[in-house]
Amino acid sequence: MKPIQINRRNFFRKFLYALVSFQFIYILFRLLKPRKQIKNVDNYFDAGEVSSFDKGKIYPFGTQRLYLHRLPDGGFMALSSRCTHLGCTIGYNTLKQSFECPCHASAFSTNGEVLSPPATRPLDFFPIAFQNNRILIDINNPQRRNKYHQSQVKYI
Ligand code: FES
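Residues numbered from 1 in each chain as written. Predicted model: local features only at pLDDT ≥ 70, side-chain atom pairs only at ≥ 80, totals over all residues. Heavy atoms only, no water.

A.B. asks: Would you mind showing me how to read the overall build of the protein here?
C.D. replies: A tally of helices and strands in the protein yields one helix and eleven strands. Seen in sequence order, the protein has helices and strands lined up from the N terminus as α-β-β-β-β-β-β-β-β-β-β-β. Taking all 156 residues of the protein together, the buried fraction comes to 33%. A separation threshold of at least 6 residues defines the contact pool for the protein, and within that pool the share at least 24 residues apart is 43%. Carbon and sulfur atoms form 55% of the exposed surface of the protein, whose accessible area is close to 11,300 Å². (Helix = DSSP H or I, 4+ residues; strand = E, 2+ residues; numbered from the N terminus. Buried < 20%, exposed > 50% of the residue type's maximum accessible area, 1.4 Å probe, protein only. Contact = heavy atoms within 4.5 Å. Areas by Shrake-Rupley, 256 points an atom, 1.4 Å probe, with all protein chains shown as cover.)

A.B. asks: Looking at this model, I keep getting lost on the sheet that holds strand β11 (residues 134-137). Mind explaining?
C.D. replies: Read across the sheet, three strands follow the order β1-β11-β10 without closing on themselves; strand pairing throughout is antiparallel. The two strands at the open ends of the sheet, each matched to only one other strand, are β1 (45-49) and β10 (128-131). On average, adjacent strands in this sheet sit at an angle of 30° to one another, irrespective of strand direction. By the bridge criterion, four bridges tie β1 to β11 in an arrangement that is antiparallel. Its bridge partner being in β11, D46 is matched across the sheet by L136. (Pairing = 2+ DSSP bridges. Axes fitted to C-alpha atoms, helices over the stretch in contact; angles between N-to-C directions.)

A.B. asks: How do you make sense of the environment of F61 when you look at a structure like this?
C.D. replies: Within the secondary structure layout, F61 lies in strand β2 (residues 58-61). As for F61 and A47, which are separated by 14 residues in sequence, their C-alpha atoms are 8.4 Å apart. If sequence neighbours within four positions are ignored, F61 has contacts with F45, A47, F53, L66 and L68.

A.B. asks: Could you clarify how one ought to interpret the sheet that holds β2 in this entry?
C.D. replies: Strands in a sheet are paired, the pairing made by backbone hydrogen bonds, and the direction either parallel or antiparallel. With respect to topology, four strands assemble into an open sheet ordered β2-β3-β4-β9, the strand pairing being antiparallel. Of all strands in the sheet, those bounded by a partner on one side alone are β2 and β9 (125-126). Sheet topology note: the strand β4 (residues 76-80)/β9 ladder contains two bridges and is antiparallel. The residue bridging L79 from the neighbouring strand is F125, located in β9.

A.B. asks: Help me out: how do you make sense of the pattern of salt bridges in this one?
C.D. replies: Two side chains bearing opposite charge may form a pair once their charged atoms approach each other closely. This structure, assessed with the given rule, holds four salt bridges. The partner of D46 in a salt bridge is R134, with the nearest N and O atoms 2.8 Å apart. Note that D46 is positioned in strand β1 and R134 in strand β11, a separation of 88 residues in sequence. R134 sits in the partly exposed class, given a relative accessible area of 29%. Two residues, E100 and K96, come together in a salt bridge whose shortest N-O distance is 3.5 Å. Accessibility expressed as a relative area gives 25% for E100, which makes it partly exposed. (Salt bridge = Lys/Arg side-chain N within 4 Å of Asp/Glu carboxyl O.)

A.B. asks: What should I look at first to understand the packing of aromatic side chains in this one?
C.D. replies: The description of an aromatic ring pair uses the distance of the two centres, along with the angle that the planes make with each other. Taken as a whole, this structure holds nine aromatic pairs when the rule is applied. Between F11 and F12, the ring centres sit 5.5 Å apart and the planes meet at 70°, which makes this aromatic pair edge-to-face. With relative accessibility at 47%, the residue F11 sits in the partly exposed group. Connected via pairs of aromatic rings, a cluster forms that spans F45, F53, Y59, F61, F76 and F130. (Phe/Tyr/Trp six-rings, centres within 6.5 Å; stacked < 30°, edge-to-face > 60°.)

A.B. asks: For this particular structure, what's the right way to read unusual backbone geometry?
C.D. replies: Of all residues except glycine, most have a negative phi; of all peptide bonds, most are trans. For the bond from P117 to P118, the omega torsion is 20°, close enough to zero to count as cis. With respect to the helices and strands, P118 occurs in the loop between β8 (114-116) and β9. Non-glycine residue A105 carries a positive phi angle of around 70°. On the secondary structure map, A105 appears in the loop between β6 (98-100) and β7 (107-108).

Okay, structure coming up:
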């Protein structure tokens, strides 16, 4: 029986084929994997029907300590009303179109970016899910962010 001879060129070619095949299978697996489902809707806050929120407006939900921002393009952003400096409850100033903290005068943009210190990081936000044309907010899972970035805004 003749021994199998593998030269360097054949070895790299086979290695490259294996690598490309593995990547293709991995991408295919990721595409076919079912999307994450909402596990327990009972833990989400039902903010209401999507159509009941006008684009470009901010809606306060005081008991949940959050503001729901309907973005001009129709997307949603649920921002915590807890100041990231020392935790006071912020208010929305419609004239300045910014969130302001009454304790030490930090200010935040409508997307939660810091406009003026002493707060150093943006407002936390809550994940949002949609079910039967209703907005469900995961109020038990605030997302801390060190810096606001447009890619953190989820669009529907
Ligand atoms: S708690 Fe908001 S600025 Fe200090």
